[in-house]
Structures are given as structure tokens and as C-alpha cells.
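Coordinate analysis (summary)
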Amino acid sequence: MAEVKTEILAKYKAKVFKSRKDHILEVDKSKEQIIAANTRAIPGIMTNRGCCYAGCKGVVLGPLKDTLVLTHGPIGCGFYSWGTRRNKARADADGSNYVQYCFSTDMQEPDIVFGGDNKLKKAIEEGFKLFNPKRIMICSTCPVGLIGDDIHAVAAWAESEFGVTCVAFSCEGYKGVSQSAGHHIANNGLMKRIIGTDDREYPAKFKVNLLGEYNIGGDGWETERILKKIGYGVVAVFTGDGALADIARSHKADLNLVQCHRSINYVAEMMKSAFGTNWLKVNFIGLKSIAQTLRNISEFFGDNQIKERTEAVLEEEMAAISGDLAHYRERLQGHKAAIFVGGSRSHHYQDLLRDYGVTTVLAGYEFGHRDDYEGRRVIPDIKEDADSKNIENLVIDKDLRYRAFLSPERADELKNAIGLENYEGMIRDMEDGTFVVDDLNHYETEAFVKFLKPDIFFSGIKDKYVIQKGGILSRQLHSYDYSGPYSGFKGSIIFGQDLTMGLYAPAWKLVKAPWKQKPISPNQEGESKEPTNSERLGEKDHA
């Protein structure tokens, strides 16, 4: 399959080729492989990445239901980050649920010229008149950073004026190389201003936080249902259907469960440093992964009753879906899939596809770092570039409330047994000969589709319809195309049902894939082939 990478890169000019070749990797577990990631996308290439603001407000802070999250910037920024991810939320006891609203200062040209501080203050005043929120957060977009509005001073004014918590996030879109920078900024703000500010006890024997769960299509509700059924108390969810009131006392949990590694690993690490809270990488997508995750959690707590209850719940949940699972597996097995989305989804959904006998031939992240691909063991070897240095790395000291749930000996034992505080990355679980591509662009998407011929391509909205026009079913894994949940046992069946409906829709009989109408490679038509980039650059092998 090495010729696939060669053919795709051959279309690039030498400079672009040199930039992209290390972002494309054919898995070969017999040797050490390094992938380029978290670097700036090449100008002019149709990348699928989001911006820093999208990561901060759109991903991490937007799903909070008890907080008025105000975008300071043009209305397009606020609208872009609102509603598209389908973060579901139920109203609090007092009836507040701000997820359904889009709050923005709607900056215009005069505000850019003369400054928008006063407009931001007026927006906050209006917000309090209309909603009287207990908490407010301010997220800045590109123009704000360029003109120098001091949103942190305005936040301090709002706290003094209204007597509520008001936190500002300088998450201008141009910071960092992708929305990953925004995740980091949001994590820093939550750690500095929210986590650990409420010392009320949580009434449960076994207490966990669910990190990196954004309740898309109701995923978080299904995950919480399973955890509570076993007997765990969920102190806080970061941040799907989440509340700052809960996150404020999240330090009371015994264990942090990290679902999306990229967006929330910073909080997990900082809470470990400050409060001693252990964390565990989990996956509630895919039946075998769910079972392993639940067993790992029970092993952490080491309680026999919890272990027995875990096995009973697993047996009960699997029995309830066994018939549907067999039906959809019969229809889906043997198909091929490609996945290109964000967070840990490109990894997790390969597990769910395996449950149905579907092979993944390509996977990649929009904004992943090397540790998302290769595992956290490579973190010491990652060289920090100028873009990464723009984002503050907090130095966290031990809090007076620091407590170790595990003895040092037990912690070391669990690191080997269940991977406590570790993540092995996506590549480890992929088959030899499959492809991993970081920051996949539109040209490469079309090219890989032609060469690998997947039956379905999981993606986001920016490339979904490009793929479908090529005759390949595409499903969104950022919003589930108005379906879901896909988490948990019940969610696995909904996923199988949706995939079956999509693949067996009669519309595909009316569409003929381009490669079935004409040859893919010019060589097949007897034409002379252009020199490869390896020949141009004098390299023996770049594939």
C-alpha cells in the first residue's frame, strides 16, 4: 500500500510535499513510527480544523447549562459555535439552561475602530436584566485580541458590580495552530477560577468525575445511567449537561474518567497535581471497550461489591441488546470505514466498528497532538514550537486539601494493570497497512477515498457532502446527523441501526463512484507519469 501515499503526495509541489509527508503514516508495528502533528496547516489548503475560540467556547465551555457564556466578537463567531454540536442539556432545579441561547456582543466596524469594552459591559448588563445569571463567562474572538480590549478588567468589573462569578478567556481564534489551543485555555480558566471553590461533600461512597464528555446526542446521559446503575456517584461532568456549580466541587471525586483525551487531559493532570485525584483514560464507545472500562474502574476502587455489580450490569445490558447486535452485525460485517474527526473519536469509534465487523482503513485527527496518536510516552520528546508557547502552562502546587486515594504501591500496581494515568494512543490499536493522517485536507480526502474505497466515511460537516457527492456514505461524528446517543450499550445499537439505514439506502444505486467510470492513475491509460517528489527531492523512499 506504500504506493498510495506516494501517489497522493506526488500531486504536491516540493515545498508542500516536505510539509505533508510526515503527517501521513502507514501503520507498521514492527518499527517505531513518528507522525507530525499539532503544526500549522499549510496556507491555501482546505483544512477541516477549527480555531482556538471554537475549542474554548464551542467545545469546552459552550455545553455548560448554568452559565451565560458570552462571545465578545462579531456575530458570526458566536453563531458558528452555537448549536452545531448538539450538546444536550436539561434545566437545573431553578430552571436555568443557557445552552439553547447564543450570546454575543455583535461587534461592528465602529467597535473595532474605537474599542468594544463599553459594548461588552452593556451586553453583560443586558444579560443580567434578562436572565439574572449566577455565573458568566466571556470568550474573545480574533478582533478583540487585535484591538486590545481588556476582557479580564471587564470581568472583574462585572464581579464587583453584580456579585457573581465572571471569568474571561482570551481565546482569540488565531492563537495556537487549531482549536486544541482553545481547549487548553478553557482548562486553565476552569482550574484557576472554578475547580476547588466549593468544599461541600458529595453523598456517595464511590465518586467519579466524567471528563471530556460533551453529551452530544445524549451520550453523557447514557454513560451516567450505566455508572449510576453500578453504584458510582458522578460528582461533575466536564462539560456536557454540566454545571459550574458541580465542577466547583469536582475535587471531591476519587477518580477522574477521561473520555476525550485531547480536550481535557490538562484538567486531569492539574487536578492530580493539586488534589491528588487519579485519572483513568476510558472509552464508553464500543461494547468491548465499555466492558473493559467498567472493569478497570471497579479494579481501581478494589471493592468486591462494585466488581460483582459491574459484572451483573454487563450481563444484563448485553442480554438486552444481543438480538439487535446480531442483526446489524450480519448486515454490516465486511464493510470498510474511514474516520476523520476530533478528540478521541477517531480512536473510539474503531472499537465500535469492530463490534459490527467493520474494518477501519484510515483514521486521523483534526487537531491531535503526537501523544493522541503515539501515546503519552512521547510527551517528553515533543519539541514545543512558538505557537504552543503562546498558551500558558500552569504550574500547579499541592493544595492543602490534597489527598491520595491510593497508596504509592497500589498506584504503581494499577498503572500496569489498568493503565492508570496513561493513554497508549490510537496507532497501537490499528492494523498494519492501515493509514493514519493528521490534519487531512479536502484533496487528500478525495484521493484516499479513490484509493482505499471505504464504504463509509465518518467526518464533520466541512467534508461530509464532498464525500457523499463522490458516492460514499458519510456520517457526522461531531453531531451524529441529528441522531444518537452512540455511547453505551443502547447507543451502540442506535449506531448500528443508523449505519445500516445509511448503507442500504436505495439512493446509492443511483450514484456511480468516479473510479468506476475512469482509471485512477494516469499510468493505467498509458500516459507518461510526472516525476515523483522523491525523485525531485533526491530521496530514496518517502513512502
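Since this is a predicted model, take the numbers as computed values, not measurements.

Some points on the overall build of the protein chain
For the protein chain, the helix and strand inventory stands at 22 helices and 14 strands. Since a compact globule built from 543 residues should have a radius of gyration of about 24 Å, the 24 Å found for the protein chain is in line with a globular shape. Overall size of the protein chain, expressed as C-alpha extent along the three principal axes, is 75 × 65 × 45 Å. Burial analysis of the protein chain (543 residues in total) assigns 58% to the buried set. Pairs at least 24 apart in sequence give 76% of the contacts found in the protein chain among residues at least 6 apart. By element, 50% of the accessible surface of the protein chain is carried by carbon and sulfur atoms, the whole surface being about 23300 Å². Side chains of the protein chain carry 71 positive and 75 negative charges; the gap between the two charge centres is 2 Å.

Focus on the packing of aromatic side chains
Per the counting criterion, the structure on display carries 21 aromatic pairs. On the basis of an interplanar angle of 40° and a centroid distance of 5.7 Å, the ring pair of tyrosine 101 and phenylalanine 103 is categorised as tilted. You can call tyrosine 101 partly exposed: its relative accessible area is 37%. Between tyrosine 232 and phenylalanine 301, the ring centres sit 5.6 Å apart and the planes meet at 40°, which makes this aromatic pair tilted. Pair noted here: tyrosine 232 is in the loop between α10 (219–230) and β7 (233–239) and phenylalanine 301 is in helix α13 (residues 287–301), with a separation of 69 residues, a long-range link. Each member of the pair, tyrosine 232 together with phenylalanine 301, is buried. Counting every residue linked through ring pairs, the aromatic cluster contains Phe206, Tyr232, Phe300, Phe301 and Phe405. In this arrangement the basic side chain of lysine 121 is found over the ring face of tryptophan 157, its NZ or CZ atom lying 5.3 Å from the centre. In this arrangement the basic side chain of lysine 398 is found over the ring face of tyrosine 402, its NZ or CZ atom lying 4.4 Å from the centre.

Description of the packing of helix α19 (residues 442–452) against helix α20 (residues 461–469)
Describing two packed helices takes the angle between their axes plus the distance from one axis to the other. It is the contact of α19 with α20, at a shortest axis distance of 11 Å, that shows an interaxial angle of 40°. As summarised for this structure, α19 and α20 are arranged oblique, according to the angle between their axes. The two elements α19 and α20 meet at a crossing, and its hand is right-handed. In this structure, α19 uses His442, Thr445 and Glu446 to contact α20, whose residues at the interface are Lys462, Asp463, Val466 and Ile467. A class-by-class count of the residues in the contact of α19 with α20 yields 2 nonpolar, 2 polar and 3 charged.

Describing the pattern of salt bridges
On inspection of all chains with the given rule, the structure shows 40 salt bridges. Between aspartate 92 and lysine 65 there is a salt bridge whose closest N-O contact spans 3.6 Å. Here the residue aspartate 92 occupies a position in the loop between α4 (75–80) and β3 (103–104), and lysine 65 occupies one in the loop between α3 (52–61) and β2 (68–72), the gap between them amounting to 27 residues. The exposure class assigned to aspartate 92 is partly exposed, which follows from its relative accessible area of 24%. For lysine 229, the salt bridge is made with glutamate 317, and the minimal N-O distance between the two is 2.7 Å. You can see lysine 229 sitting in helix α10 and its partner glutamate 317 sitting in helix α14 (residues 304–332), a full 88 residues away along the chain. The class of lysine 229 is partly exposed, set by a relative accessible area of 23%. A single salt-bridge network, built from bridges that share partners, covers Glu222, Arg225, Lys229, Glu316 and Glu317.

A word on the sheet that holds β2
One open sheet accounts for 4 strands, arranged β3-β2-β4-β5; its pairing is parallel. At either margin of the open sheet sits one strand with a lone partner, and together these are β3 and β5 (165–169). Two strands pair when backbone bridges link them, and β2 and β3 are joined in this way by 2 bridges, in the parallel orientation. Bridging across to β3, leucine 70 finds its partner in phenylalanine 103. On top of the sheet, α3 reaches β2, β4 (135–140) and β5; it is set at about 155° to β4, its chief contact. Helix α9 (residues 180–193) contacts β4 and β5 of the sheet and is inclined by roughly 150° relative to β5.

Remarks on the state of the cysteines
Under the defined criterion, the tally for this structure stands at 0 disulfides. In this model cysteine 56 remains outside any disulfide bridge; the closest cysteine sulfur is found in cysteine 171, 3.8 Å from its own. Just so you know, cysteine 102 is unpaired, no disulfide at all, and the nearest cysteine sulfur is the one on cysteine 77, 10 Å from it. Given the relative accessible area of 27%, cysteine 102 is considered partly exposed.

Focus: the pairing of strand β13 (residues 456–459)
Here is the key point about a regular strand: its side chains alternate between the two faces of the sheet. Of the two faces of β13, the one holding Ile456 and Phe458 and the one holding Phe457 and Ser459 are both buried throughout. In this view, the connection linking β13 to its parallel neighbour strand β14 (residues 473–476) by way of α20 has right-handed handedness.

Points about the environment of lysine 415
Looking at where lysine 415 falls in the secondary structure, it is placed in helix α18 (residues 408–417). Under the relative-accessibility criterion, lysine 415 is labelled partly exposed at 40%. Residues lysine 415 and leucine 280 lie 135 residues apart in sequence; the distance between their C-alpha atoms is 9.5 Å. In contact with lysine 415, other than residues within four places in its own chain, are Leu420 and Glu421.

Structural notes on a nonpolar patch on the surface
Together, Ile112, Val113 and Phe114 line one region of the surface with nonpolar side chains, adding up to about 340 Å² of accessible area. Residue position: phenylalanine 114 is located in helix α5 (residues 109–114). Given a relative accessible area of 73%, phenylalanine 114 falls into the exposed group.

Quick notes on the rules
- Residues numbered from 1 in each chain as written.
- Predicted model: local features only at pLDDT ≥ 70, side-chain atom pairs only at ≥ 80, totals over all residues.
- Heavy atoms only, no water.
- Helix = DSSP H or I, 4+ residues; strand = E, 2+ residues; numbered from the N terminus.
- Rg over C-alpha atoms; globule rule 2.2 N^0.38 Å.
- Buried < 20%, exposed > 50% of the residue type's maximum accessible area, 1.4 Å probe, protein only.
- Contact = heavy atoms within 4.5 Å.
- Areas by Shrake-Rupley, 256 points an atom, 1.4 Å probe, with all protein chains shown as cover.
- Lys, Arg positive; Asp, Glu negative; His and termini not counted.
- Charge placed at Lys NZ, Arg CZ, Asp CG, Glu CD.
- Phe/Tyr/Trp six-rings, centres within 6.5 Å; stacked < 30°, edge-to-face > 60°.
- Lys NZ or Arg CZ within 6 Å of the ring centre and 35° of its normal.
- Axes fitted to C-alpha atoms, helices over the stretch in contact; angles between N-to-C directions.
- Parallel < 35°, antiparallel > 145°, perpendicular 65-115°, else oblique.
- Left-handed = near helix turned anticlockwise from the far one by under 90°.
- Nonpolar A, V, L, I, M, F, W, Y, C, P; charged D, E, K, R; others polar.
- Salt bridge = Lys/Arg side-chain N within 4 Å of Asp/Glu carboxyl O.
- Pairing = 2+ DSSP bridges.
- Disulfide = S-S within 2.5 Å.
- Right-handed = clockwise from strand over helix to strand, strands pointing away.
- Patch = residues over 30% accessible without salt bridge, like charges linked within 9 Å, V, L, I, M, F, W, Y side chains within 5 Å.

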